[in-house]
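Each chain is listed here by its residues.
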Amino acid sequence: MQSSLAIGDFSRATHLNIKTLRHYHRIGLLVPAQVDPDTGHRRYGTDQIPAAQVIRRFRSLDMPLEEIHAVIATPDLAARNELIAGHLRRLETTLARTQEAAASLRDLLEPPADAAPLAIAHRRIPATPAAAVSEVIDVKDVSAWYQGALGELHALLAAHKVRPAGPDGAIYANDLFSYERGQATIFVPCNEPVRATGRVSELVIPEAELAVAVHTGGHTDVDLAYGSLATYVADHALAVEGPIREYYVIGPSQTRDEDQWRTEIGWPIFHTGQTSSRAEPVRTG
């Protein structure tokens, strides 16, 4: 007969506290071998110790309980391994984001002594015909929406054999920043007509006068360039109403290596008569 342990002893054996064991019982993740119908006292078989140890390690890796349940309940080894591998991939992505955020925070708290000031130029952008996807979105969905819209645009242009006439761009309404919901437009300049298909339509990107800064690398710390632009525009009393623009001079369409990305960020300003070649260094931090 299989040996069994009272819940307290099983807790000590597995380092899972009693409250947690009761919860796992309620949700069917780790069901006791025996439950006294009169007292409700739980007893666990010693053969359940390995399962409890596996659950504890998965939880230490922040695997959701429903995923742990799926892993334990899946008899197919390949399917089980894929569930585990999928969670590990998500952990690696989260770790990379955490490392990027930590490095950015460290630079904010202790700016490198040799950090070059951010150069800001004035640029007049002419009206530009483009293929575009434009929708009202929530700010939490920006990244996924941006990738999907950009992929759809380039797939359609490739199918119609239309060559882009400039770098990919985006226009973000102020409400998207202020209220976390607003209009977002992803566009690809093109000199040839594009037949509206799916979410893609023809659009003329209006002329604009912009203060432009270049952000190099991934978009995790793109807010630093935004902050520099805002400081510059405020210091020079240049602000006008209008949405922010981004131009992805080198972006996901060219390379997956985020270190190679080069994003031009444009803040709307009133016309100053300055040419696009003028750039003023701005030091922040």
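The structure displayed is predicted, hence computed values, not measured ones.

### Here's the deal with the overall build of the protein chain
Here comes step 1: Each helix and strand in the protein chain was counted, giving eight helices and twelve strands.
Here comes step 2: Its C-alpha atoms give the protein chain a radius of gyration of 27 Å, more than 25% over the compact-globule value 19 Å for 285 residues.
Here comes step 3: Overall size of the protein chain, expressed as C-alpha extent along the three principal axes, is 90 × 50 × 30 Å.
Here comes step 4: Long-range contacts, defined here as pairs at least 24 residues apart, represent 71% of the contacts in the protein chain between residues at least 6 apart.
Here comes step 5: Summed over all atoms, the accessible surface of the protein chain reaches about 16700 Å², with 54% contributed by carbon and sulfur.
Here comes step 6: Side chains of the protein chain give 27 positive and 35 negative charges; the mean places of these two sets differ by 6 Å.

### Brief notes about the sheet that holds strand β3 (residues 42–45)
Here comes step 1: The sheet built from three strands is open, its strands ordered β1-β3-β2 with antiparallel pairing. Across the chains shown, the open sheet's two edge strands, defined by having one partner strand only, are β1 (4–6) and β2 (34–35).
Here comes step 2: Where β2 lies against β3, two bridges are found, and the strand directions are antiparallel. Each residue of the ladder has a partner; that of Gln 34, found in β3, is Arg 43.
Here comes step 3: Most of the contacts of helix α1 (residues 7–14) go to β1, to which it runs at about 105°, and overall it touches β1 and β3.

Cut-offs and rules
- Residues numbered from 1 in each chain as written.
- Predicted model: local features only at pLDDT ≥ 70, side-chain atom pairs only at ≥ 80, totals over all residues.
- Heavy atoms only, no water.
- Helix = DSSP H or I, 4+ residues; strand = E, 2+ residues; numbered from the N terminus.
- Rg over C-alpha atoms; globule rule 2.2 N^0.38 Å.
- Contact = heavy atoms within 4.5 Å.
- Areas by Shrake-Rupley, 256 points an atom, 1.4 Å probe, with all protein chains shown as cover.
- Lys, Arg positive; Asp, Glu negative; His and termini not counted.
- Charge placed at Lys NZ, Arg CZ, Asp CG, Glu CD.
- Pairing = 2+ DSSP bridges.
- Axes fitted to C-alpha atoms, helices over the stretch in contact; angles between N-to-C directions.

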